[in-house]
Amino acid sequence: MTRYEEPKDRNLRYINNPTAGRIYSKVVGGQGSYSIDRGFITGLHKDYQDVLTNAAGDNMACRNRMIAHTREQGFEQFIDLGCGLPMKDDLPGILTPGWSDTTRLVCVDNDPIVVAHMIHRGYDLELPRQHFAVIDEDVYDPDAVLDRAATVVDFSRPVVVLANAVFHFLPPARPTVPDPADVVARYASALCPGSMIGITHATTDGLDPTGKTAEAARALAAEYAKTTHPAQLRTRAEIAQMFTTGELEITEHGLDYASAWGNPDVGELGRAPATSCFLAGLGVVRE
Ligand SMILES: C[S@@+](CC[C@H](N)C(=O)[O-])C[C@H]1O[C@@H](n2cnc3c(N)ncnc32)[C@H](O)[C@@H]1O
């Protein structure tokens, strides 16, 4: 798969502009954001800030339920696409207490500051270097990611690939940019049967299209054009396609709002699940 165009001054672009990972980290209480990222958030209209806070919080809680669910099923190998910055309950922190000889974790991100923080997270937790890797790659180049992940992950055993709040940073498909459904299918093709791919993705489907929340969500997505990670809302049908193009089959939780996915306490949200503006699904690689 061809990589889409990247400017030569790549690192400077991430240092001199707000980035998705650092904005998100600030919103959910993680580390590593800078004043440029915090300024992006405080500069947003209050309604857009509310959408961002709900979406980020619901995404993180949903991601944690996906991690808990797959760990309960005995999964020990994880590839975290668009891993984001360290935070209290991040994946390295969750896996560390039970880390065994067969645990593997690969974190992938294209923000060099996220990559630096995650490398040091691994040092701080003393994760074994041959079983933990942080890869500075574009998740839309699955061949490059999978190639590098293979130095750590045993692809003959089941793997969980997490793609939480990352595929909506893929621009609309064009000749040099793959369709996200094809990207997911390529990841699925590298995994043995029984492996899983978890996705959360921004959408306004399910909201009243003329209502305040949908309008704020569209405006917020447009604001991300000012960051290193312009955002794309996708329809439920487009997100569903990510689970049907390759060898995946959606699990019993279905494609649901991130706030509701696998959540027994959804009634406690105090608002409609769709207001998270995120859809979530977990697909299993077929036999
Ligand atoms: C909103 S954060 C989500 C972090 C984490 N996955 C979570 O759900 O808690 C999105 C992360 O994806 C990363 N990202 C966005 N586009 C990417 C790409 N094309 N390749 C690699 N990482 C990317 C960003 O740098 C950021 O750290």
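To be clear, the structure that these remarks concern was listed above.
Rules used throughout
- Residues numbered from 1 in each chain as written.
- Predicted model: local features only at pLDDT ≥ 70, side-chain atom pairs only at ≥ 80, totals over all residues.
- Heavy atoms only, no water.
- Near = heavy atom within 4 Å.
- Polar contact = N/O pair within 3.5 Å; in protein donor to acceptor, adjacent residues only side chain to side chain.
- Areas by Shrake-Rupley, 256 points an atom, 1.4 Å probe, with all protein chains shown as cover.
- Nonpolar A, V, L, I, M, F, W, Y, C, P; charged D, E, K, R; others polar.
- Axes fitted to C-alpha atoms, helices over the stretch in contact; angles between N-to-C directions.
- Helix = DSSP H or I, 4+ residues; strand = E, 2+ residues; numbered from the N terminus.
- Parallel < 35°, antiparallel > 145°, perpendicular 65-115°, else oblique.
- Left-handed = near helix turned anticlockwise from the far one by under 90°.
- Contact = heavy atoms within 4.5 Å.
- Buried < 20%, exposed > 50% of the residue type's maximum accessible area, 1.4 Å probe, protein only.

Enquirer: In this structure, what is going on with the site of the ligand? I would like to understand it.
Expert: Neighbouring residues of the ligand: 20 residues in total, closest Tyr 24, Asn 59, Gly 82, Asp 109 and Asn 164. Interatomic distance of 2.9 Å between a backbone N/O atom of Val 139 and a nitrogen atom of the ligand. When the ligand is considered free in solution it has 600 Å² of accessible area, and contact with the protein chains removes 98% of it. Across the shell around the ligand, the residue classes tally to eight nonpolar, seven polar and five charged.

Enquirer: For this particular structure, what's the right way to read the packing of helix α2 (residues 20-28) against helix α3 (residues 35-42)?
Expert: Packed helix pairs are specified by the crossing angle of their axes together with the interaxial distance, meaning the distance between the axes. Two elements in contact, α2 and α3, have axes whose closest approach is 9 Å; the angle formed by their N-to-C orientations is 70 degrees. In terms of orientation, α2 lies roughly perpendicular with respect to α3. Here α2 runs over α3; the crossing is right-handed. Residues Arg 22, Ile 23, Lys 26 and Val 27 of α2 pack against Ile 36, Asp 37, Arg 38, Phe 40 and Ile 41 of α3.

Enquirer: I'm lost on the environment of Pro 112 in this one. Help?
Expert: Position of Pro 112 relative to the elements: it lies in helix α6 (residues 112-124). With relative accessibility at 17%, the residue Pro 112 sits in the buried group. Taking the C-alpha atoms as reference points, Pro 112 and Arg 10, separated by 102 residues in sequence, lie 9.0 Å from one another. With near-sequence residues (within four places) excluded, Pro 112 lies in contact with Arg 10, Asn 11 and Tyr 14.

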